[in-house]
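Residue strings, one per chain:
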Amino acid sequence: MIYFAIDDDGTALATCMAKPMEGSTWELCKLGSNKNRKHSGSGSMVFEAAMNWAIRHGAGRLFLISNSKLSPALHIYEKYGFTEVKLADYEYERGDIAFEKII
């Protein structure tokens, strides 16, 4: 499931996706925002919507990979109770930090 926050003029402000993995683990991915527009709170809104979708569809663990330079995103993850986990392989070229939340 992919969520978008859209401004009144139709401009995308933020997006986030919930993707099932194996077992009851769901990945929250592709959290992003439009750097050219003010969108206070839109990243949190789409992240929360994707998180809630995964939980409603059986997630027992939420997981994500990010980049340690993305301070606004890291703030969102911590705000929603995610904790950092260390991985041997971060899978994504720009990924260097991972988080999880056990439901």
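Because the structure is a prediction, the values reported are computed rather than measured.

Definitions and limits used
Residues numbered from 1 in each chain as written. Predicted model: local features only at pLDDT ≥ 70, side-chain atom pairs only at ≥ 80, totals over all residues. Heavy atoms only, no water. Pairing = 2+ DSSP bridges. Helix = DSSP H or I, 4+ residues; strand = E, 2+ residues; numbered from the N terminus. Axes fitted to C-alpha atoms, helices over the stretch in contact; angles between N-to-C directions. Buried < 20%, exposed > 50% of the residue type's maximum accessible area, 1.4 Å probe, protein only. Arc of directions from axis to C-beta. Contact = heavy atoms within 4.5 Å. Patch = residues over 30% accessible without salt bridge, like charges linked within 9 Å, V, L, I, M, F, W, Y side chains within 5 Å. Areas by Shrake-Rupley, 256 points an atom, 1.4 Å probe, with all protein chains shown as cover. Salt bridge = Lys/Arg side-chain N within 4 Å of Asp/Glu carboxyl O. Expected span 1.5 Å × (residues − 1).

## Thoughts on the sheet that holds strand E6 (residues 97–102)
- Pairing is mixed in the open sheet, where six strands are placed in the order E1-E2-E3-E4-E6-E5. Edge positions in the sheet fall to strand E1 (2–6) and strand E5 (83–85), since each has one partner strand and no second. Strand-to-strand twist in this sheet, taken as the mean axis angle between neighbours without regard to direction, amounts to 25°.
- Across five bridges, the pairing between E1 and strand E2 (residues 12–20) is antiparallel. Following the sheet pairing, phenylalanine 4 is matched in E2 by threonine 15.

## Considerations on helix H2 (residues 71–79)
- The complete set of buried residues in H2 reads Ala73, Leu74, Ile76 and Tyr77. Projection of H2 onto a plane perpendicular to its axis shows the buried side chains occupying an angular sector of 155°, all on one side. Seen from the open side of H2, the exposed residues pointing more than 90 degrees away from its buried face are Pro72, His75 and Glu78.
- Packed against the buried residues of H2 are strand E3 (25–33), helix H1 (42–56), strand E4 (61–66) and E6.

## Quick word on a nonpolar patch on the surface
- A contiguous nonpolar surface patch, about 300 Å² in accessible area, is contributed by Ile2, Phe4 and Ile6.
- Mapped onto the fold, isoleucine 6 is located in strand E1.

## Considerations on H1
- An ideal rise of 1.5 Å per residue puts 21 Å on 15 residues; H1 measures up with 21 Å between its terminal C-alpha atoms.
- Inspection of H1 places Ser42, Gly43, Ser44, Val46, Phe47, Ala50, Met51 and Ala54 among the buried residues, and these make up the whole buried set.
- For H1, the elements touching its buried residues are E1, E2, E3, E4 and H2.
- Glycine 58 lies just past H1 and shows a positive phi near 100°.

## Concerning the pattern of salt bridges
- If you walk through the whole model with that rule in mind, you get five salt bridges.
- Lysine 19 serves as the salt-bridge partner of glutamate 27, at 3.6 Å between the closest nitrogen and oxygen.
- With a relative accessible area of 4%, glutamate 27 lands in the buried category.
- The closest approach of N and O atoms between glutamate 84 and lysine 86, which form a salt bridge, is 3.0 Å.
- With relative accessibility at 41%, the residue glutamate 84 sits in the partly exposed group.
- Here the salt bridges do not stand alone but share partners, grouping Asp7, Asp9 and Arg37 into one network.

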